[in-house]
Each structure stands twice: as C-alpha cells, then as structure tokens.
Amino acid sequence: MSAAASASGPGRVLVAVYAILALAATARSGYQIATRFEEAPVAYLLSALAGVVYILATLALALPGPAWRRVAWVTIGFELAGVLVVGTLSIVAAAWFPHDTVWSWFGRGYLFVPLVLPILGLLWLARSRRRERQAAGEAGRAAS
Amino acid sequence: MIDWFVWVQVVVALLAGLLCVAFALAGKAPNDLAVFSLGLVELLLIAQVVVSIVAPFVGNAPSGDALEYWIYLVTAVLIPPAATLWALVARSRWSTAILAAAAFAIAIMVWRMAQIWFVQVA
C-alpha cells in the first residue's frame, strides 16, 4: 500500500519542478513540430516523446498507488537513459540534431535540469521505497 | 516587451526566489510575504501580456518568432498560480521551496522571452 511518491515535502518539490519541465519541454516541442518539423524530424519527435514522458513522470510522482510508482520508475529511468544517449549523440553525431532539443548536450538548454532531475527522482523513489519497506516491516512486527 | 520592464521583472522574480529560498532554509511554511512575492511576479507577467499585445501596434514588434514568444509567455503566466496551489495544499518549508523554484523559473523564462523579442531574428 503505497502513498504517492510525493507524499512528503521534498517529493512535492520534485513534482513541481517536473511539472515545470514537462510544460516547458512539451510546449517547445509542440512549437517546433508545428512550425519547422521538416528541418529535424528525428530530433523534434524525440523532443515530443520526452515531453510526454515528463508529463507521465509528473503524474506518476504525484498520484498514489503501486501502479503509479512503477510508472514513475519506468518514466524517470527512461528519461535518464534518454538524456544520456541523446546528449552523447548530439555531440558525436551533431548532424542529426541541427536544432537544440530538450536532451541536446545533456539538457544544456534547460540548465542541465533534464540531467540532474531524473537522478534526483530515482534517488527519491529508492528512498521512499526503503522507508515503506521499513514501515511495513515494523507494522508486521507490531502485529505479530 | 519594454527594455527596462524586462529588467524589473527579472529582478523581482530573482528576489522573490531568493526570499523564498531564505524562508525555506529557515524552515518556514509559506507565509504572506512569500505568497505575495509570487503574486507580484504574476502581476508583472499579466502586465507583460498587455504590453506584448499593445507594443506591436506602436512600432515595437518582436524580432524573433511571435508564436514562440507567446508560448513562453502563456506558459509563464500559468506557473505562479499553479505552483502556489500545489505548494499551499501541504504547508511546509518544502512548499516554500516550490514557490522559490517557480520564481526562478519565471526569471529564466522572462530572460528567454527578451532574447526572442530583442535579439533573435525570425
């Protein structure tokens, strides 16, 4: 029985920053696709995917239940992989990314928040999972 | 956008952010001053909307893409109220930290909007 990952203070800050990033990334990606999709279709589609994943991650951190917790692990893990892979590619295969996207240069265009945030997110998920197991363990001992 | 007004906005947003960081470090839940500072940031953003609508008609148009500019501005206007609601549901020092994050985000976005308006070429 898990409460929302954001149930306590720092988790709420994480949700807030994720929400701002999700909003910014999705809005910018939508704008890029609407106005100059043909210039860098791969890059812009990746940006759109990143935006959707950020939105899912924000919801998954804010909502309670084990299913949402799993979604949080998957989405945040995916984002971290994304920013690392695309960040590297945007440097070594720069021709694929003629215009900056949210994961270009490891999220440089967003003050590297896309790089740091999923790391913090995963640490937070791990910590809250540890706490819940401890609490469940104590409840089990108290009941027996 | 108006040159000096951009500076006012960025400075106010940064000060609001620093104020809320100080309150959060001091362990304070959002107080009137913290919420008021975000309210001021929002008020300036709304004034910015008005300025941005009127300015092109008096010869002050963005050099960059107007659509991109407005996407930033509309997004920015939504952030302080949303952050305040989210922060006030659970009142703790972390809520104050959320207000700080929102204020800093606005400072960055206004600066970015100024780039689009004054520097970028569409």
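The rules behind these values
- Residues numbered from 1 in each chain as written.
- Chains lettered and ligands numbered in written order.
- Predicted model: local features only at pLDDT ≥ 70, side-chain atom pairs only at ≥ 80, totals over all residues.
- Helix = DSSP H or I, 4+ residues; strand = E, 2+ residues; numbered from the N terminus.
- Buried ≥ 20, exposed ≤ 12 C-beta atoms within 10 Å, placed from the backbone.
- Contact = placed C-beta atoms within 7 Å.
- Nonpolar A, V, L, I, M, F, W, Y, C, P; charged D, E, K, R; others polar.
- Axes fitted to C-alpha atoms, helices over the stretch in contact; angles between N-to-C directions.
- Left-handed = near helix turned anticlockwise from the far one by under 90°.
- pLDDT = per-residue confidence, 0-100.

A. Local environment of the overall build of chain B. A count of helices and strands for chain B gives four helices and zero strands. Taken from the N to the C terminus, the helices and strands of chain B come in the order α-α-α-α. Principal-axis analysis of the C-alpha atoms places the extent of chain B at approximately 45 × 20 × 20 Å. Across the 122 residues that make up chain B, the buried fraction comes to 39%. Expressed as a percentage of contacts within chain B between residues at least 6 apart in sequence, the contacts between residues at least 24 apart total 83%.

B. Just the overall build of chain A, in detail. The helix and strand inventory of chain A stands at four helices and zero strands. Beginning at the N terminus, the succession of helices and strands in chain A can be written as α-α-α-α. Across its three principal directions, the C-alpha atoms of chain A cover 65 × 25 × 20 Å. Each of the 144 residues in chain A was classed as buried or not, and the buried ones make up 40%.

C. Just the interface of chain B and chain A, in detail. Counting residues at the interface gives 15 residues for chain B and twelve residues for chain A. When contributions to the side of chain B that touches chain A are tallied by element, the ones reaching two or more residues are helix 3 (66–89) and helix 4 (93–119) of chain B. With seven residues, helix 3 of chain B is the largest single contributor of residues to the side of chain B that touches chain A. Partitioned by chemical class, the residues of the side of chain B that touches chain A number eleven nonpolar, two polar and two charged.

D. Broad picture of the packing of helix 2 (residues 41–62) of chain A against helix 3 (residues 66–92) of chain A. Residue and element names in this part refer to chain A. Close contact between helix 2 and helix 3 brings their axes to 8 Å; oriented N to C, the two are set at 145°. Taken as a pair, helix 2 and helix 3 cross one another with a handedness that is left-handed. Listed contacts from helix 3 to Leu46, Ala50, Val53, Tyr54, Leu56, Ala57, Ala60 and Leu61 of helix 2 are Trp68, Val71, Ala72, Thr75, Ile76, Phe78, Glu79, Gly82 and Val86.

E. Region of interest: the confidence of the model for chain A. The share of residues in chain A with pLDDT of 70 or more is 95%, and the mean pLDDT across the chain is 87. Element-level mean pLDDT values for chain A span from 88 in helix 4 (residues 113–143) of chain A up to 93 in helix 3 of chain A.

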